[in-house]
Structures are given as C-alpha cells and as structure tokens.
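# Overview (structure and organization)
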Amino acid sequence: MNLREALLVRIHVPVSPETFRAMLAGDVAAGERDPVLAAILAVVRADNPLGDFGLYKGVAEIGLGWESFQPGPDAKPALGEAAMTSLSPTVILSLHAPCSEEDPEFLEAMDRIMAAHPWEIPVIEIAPTWLAERGQ
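Residues numbered from 1 in each chain as written. Predicted model: local features only at pLDDT ≥ 70, side-chain atom pairs only at ≥ 80, totals over all residues. Heavy atoms only, no water.

## Structural notes on the overall build of the chain
On a plain count of helices and strands, the chain comes out with four helices and four strands. Going from the N terminus to the C terminus, the chain shows its helices and strands as β-α-α-α-β-β-α-β. A principal-axis box enclosing the C-alpha atoms of the chain has dimensions of 55 × 35 × 25 Å. Considering only contacts within the chain whose residues lie at least 6 apart along the sequence, 72% involve residues at least 24 apart. As presented, the chain carries roughly 8200 Å² of accessible surface, and 56% of it is formed by carbon and sulfur atoms. Positive and negative side-chain charges of the chain, numbering 9 and 20 respectively, have mean locations separated by a distance of 7 Å. (Helix = DSSP H or I, 4+ residues; strand = E, 2+ residues; numbered from the N terminus. Contact = heavy atoms within 4.5 Å. Areas by Shrake-Rupley, 256 points an atom, 1.4 Å probe, with all protein chains shown as cover. Lys, Arg positive; Asp, Glu negative; His and termini not counted. Charge placed at Lys NZ, Arg CZ, Asp CG, Glu CD.)

## Structural notes on helix 3 (residues 35-45)
Turning to helix 3, its buried residues number three or more, namely Val 36, Leu 37, Ile 40, Leu 41, Val 43 and Val 44. The buried residues of helix 3 occupy one face: seen down the axis, they fall within an arc of 155 degrees. Against the buried residues of helix 3 lie strand 1 (2-14), helix 1 (17-24), helix 2 (30-33), strand 3 (86-97) and helix 4 (104-116). If you check the start of helix 3, you find a side-chain oxygen 3.2 Å away from the backbone N of Val 36, and it comes from Asp 34. (Buried < 20%, exposed > 50% of the residue type's maximum accessible area, 1.4 Å probe, protein only. Arc of directions from axis to C-beta. Polar contact = N/O pair within 3.5 Å; in protein donor to acceptor, adjacent residues only side chain to side chain.)

## Regarding a nonpolar patch on the surface
Taken together, Leu 24, Leu 64, Trp 66 and Leu 87 make up a surface patch of nonpolar side chains, about 450 Å² in accessible area. Taking relative accessible area as the criterion, Leu 87 reaches 57% and is therefore assigned exposed. (Patch = residues over 30% accessible without salt bridge, like charges linked within 9 Å, V, L, I, M, F, W, Y side chains within 5 Å. Salt bridge = Lys/Arg side-chain N within 4 Å of Asp/Glu carboxyl O.)

## Thoughts on the packing of aromatic side chains
For the structure on display, the rule yields one aromatic pair. A cation sits over an aromatic face here: Arg 4 above Phe 53, 5.4 Å from the ring centre. (Phe/Tyr/Trp six-rings, centres within 6.5 Å; stacked < 30°, edge-to-face > 60°. Lys NZ or Arg CZ within 6 Å of the ring centre and 35° of its normal.)

## As for the nonpolar core
With 26 residues, the main nonpolar core has Val 9, Ile 11, Leu 37, Leu 50, Leu 93, Phe 106 and Ile 113 as its most contacted residues. It is helix 3 that provides the largest number of residues to this core, a total of six residues. If we ignore the near neighbours within four places in the chain, the residues touching Ile 113 are Ile 11, Ile 40, Val 43, Leu 50 and Ile 124. (Core = buried A, V, L, I, M, F, W, Y, C linked by side-chain atoms within 4.5 Å.)

## What about the sheet that holds strand 2 (residues 61-69)?
Ordered in space as 2-3-1-4, the four strands form an open sheet in which the pairing is antiparallel. Strands with a single pairing partner mark the edges of an open sheet, and in this sheet they are strand 2 and strand 4 (124-133). Each strand axis lies, on average, 30 degrees off the axis of its neighbour in the sheet, ignoring direction. Here strand 1 pairs with strand 3 via eight bridges, running antiparallel. Opposite Ile 11, over in strand 3, you have Leu 93 as the bridge partner. Those strands touched by helix 1 are strand 2 and strand 3, and its axis lies near 135 degrees from that of strand 2. (Pairing = 2+ DSSP bridges. Axes fitted to C-alpha atoms, helices over the stretch in contact; angles between N-to-C directions.)

## Things to note about unusual backbone geometry
In this structure, Ala 83 is a non-glycine residue whose phi angle is positive, near 70 degrees. Structurally, Ala 83 is set in the loop between strand 2 and strand 3. For Ala 83, a relative accessible area of 52% gives the class exposed.

## Remarks on the pattern of salt bridges
All chains considered together, the criterion is met by six salt bridges. The partner of Glu 133 in a salt bridge is Arg 4, with the nearest N and O atoms 2.7 Å apart. Taken together, the residues span a long stretch of sequence, with Glu 133 in strand 4 and Arg 4 in strand 1 at a distance of 129 residues. For Glu 133, a relative accessible area of 33% translates into the label partly exposed. Across the pair Arg 33 and Asp 27 runs a salt bridge whose closest N-O atoms are separated by 2.4 Å.

Function cannot be read off these values alone, since they describe shape.
Dropping the structure here:
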C-alpha cells in the first residue's frame, strides 16, 4: 500500500425539497436537474484537481442530509427567517483533490463553487488527508 496526500473537500449543497424527495426515492438523476447541485457538480467535473483520482475524474461521494440553522437578525438567508430555526434539505458532496490548498487550479475551482453556492455563508470544509493506494 502507498499513501498520497490530498485535500478532503466537503460541500454542503442545498437542494429543493422535490429534488431531495426524488433522490431519497432512488432517482439518481434528480441531482442533475437541480440547478444549484448541477452547477456545483459541473465545477467538480471540469478540468481541475477536484475529484481527481488519476484514472478517474470528477469522483464525488453524494450523501443526503438536512441542515438546521437559525439566522441572526442581520442575516439575509436563502431559506428561513431571522430568529426562526429552519431545516434545509441538503446534499453533502465529499471529494478529494491531490494538491495543496495554494494550487491555482484548486483555488479557481473553489472560487467557482463559492460563486454557484446560494448560501450567505456556504458550509465548505477543506482538510488535509491521506489516501491509500495499491502498491506498484
């Protein structure tokens, strides 16, 4: 086994309730029809380090969940109202990038994801990690 350094990128993407219900029901193409998720997946699938496994490109784990949040009085939320707890149907994309956080292609891709994300404060986690590979 060999180890290689990478960045773990986890992006919490809001989807419509209809998209969420369809995905829960097994409609795997529903995310492709959701404008926000489709835009972010398009960035992941573009020519950049996101989801790059060498022989495979655009690799992403897609998980379903809910975000719970309470906007403050000065917030301008995409969903919900100030001081009221809201739940947002959310897709969590987990992907890996075999580069450093200063890589220009990585930064450009992340800028495109931030531009496509509708939340006032997107939840995007980036952490260093190691990936196990088969030895040569």
